[in-house]
Amino acid sequence: DKVPSLSSILVVDDICDGGATFKHLGEVLSDRHIPTLYVSHGLFSKGKEGVDELLQYYTKIITTNSLLKNSLTKEGYNGVTYISWKHHSIVGKPV
């Protein structure tokens, strides 16, 4: 289907596991620039490779550090900004 002409698009969701939904959305909207992806819980089960894939469509990803299971949350990763779940403050290195 044709995407309506909009000045900007905000993508918000509750969880990003492997990122397939967001990748598909990025492909559908490939003629548009989607500035930022906001997800409450970034699992990123595909690791850095999966994040790099998403960053082909999104300039950055903002999520919380609520899922401390993966190394991306603990170490941070360029292109991903983590907001502290407990203190609501930004942690890591925003890009």
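Computed from a predicted model, the values in this text were never measured in an experiment. (Residues numbered from 1 in each chain as written. Predicted model: local features only at pLDDT ≥ 70, side-chain atom pairs only at ≥ 80, totals over all residues. Heavy atoms only, no water.)

### A short note on the overall build of the protein chain
Of regular secondary structure, the protein chain possesses three helices and five strands. Of the regular secondary structure in the protein chain, the N- to C-terminal order runs β-α-β-α-β-α-β-β. Classification of the 95 residues of the protein chain by burial places 34% in the buried group. Considering only contacts in the protein chain between residues 6 or more positions apart, those separated by 24 or more positions represent 53%. (Helix = DSSP H or I, 4+ residues; strand = E, 2+ residues; numbered from the N terminus. Buried < 20%, exposed > 50% of the residue type's maximum accessible area, 1.4 Å probe, protein only. Contact = heavy atoms within 4.5 Å.)

### As for the nonpolar core
Counting residues in each nonpolar core, the largest one holds 16 residues, and the members touching the most others are Val11, Phe22, Leu37, Phe44, Tyr58, Ile61 and Val80. Within the residue set of this core, elements represented by two or more residues are strand S1 (11–16), strand S2 (34–42), helix H2 (47–54), strand S3 (58–64) and strand S4 (80–83). Broken down by element, the residue count for this core peaks at three residues, all from S2. (Core = buried A, V, L, I, M, F, W, Y, C linked by side-chain atoms within 4.5 Å.)

### Things to note about unusual backbone geometry
Unusually for a residue other than glycine, phenylalanine 44 sits at a positive phi of about 50°. Inspection of the secondary structure assignment puts phenylalanine 44 in the loop between S2 and H2.

### Considerations on the side chain of threonine 36
Mapped onto the secondary structure, threonine 36 falls in strand S2. Since its relative accessible area comes to 9%, threonine 36 is described here as buried.

### Points about the pattern of salt bridges
Tallied over the full model, the rule gives two salt bridges. Here lysine 23 and glutamate 27 are joined by a salt bridge, their closest N and O atoms 3.9 Å apart. Of this pair, lysine 23 and glutamate 27 both sit in helix H1 (residues 20–28), four residues apart, which is roughly one turn of the helix. Among the residues examined, glutamate 27 registers a relative accessible area of 37% and is labelled partly exposed. Two residues, glutamate 53 and lysine 23, come together in a salt bridge whose shortest N-O distance is 2.8 Å. Of this pair, glutamate 53 sits in helix H2 while lysine 23 sits in helix H1; the two residues are 30 residues apart in sequence, bridging distant segments of the chain. (Salt bridge = Lys/Arg side-chain N within 4 Å of Asp/Glu carboxyl O.)

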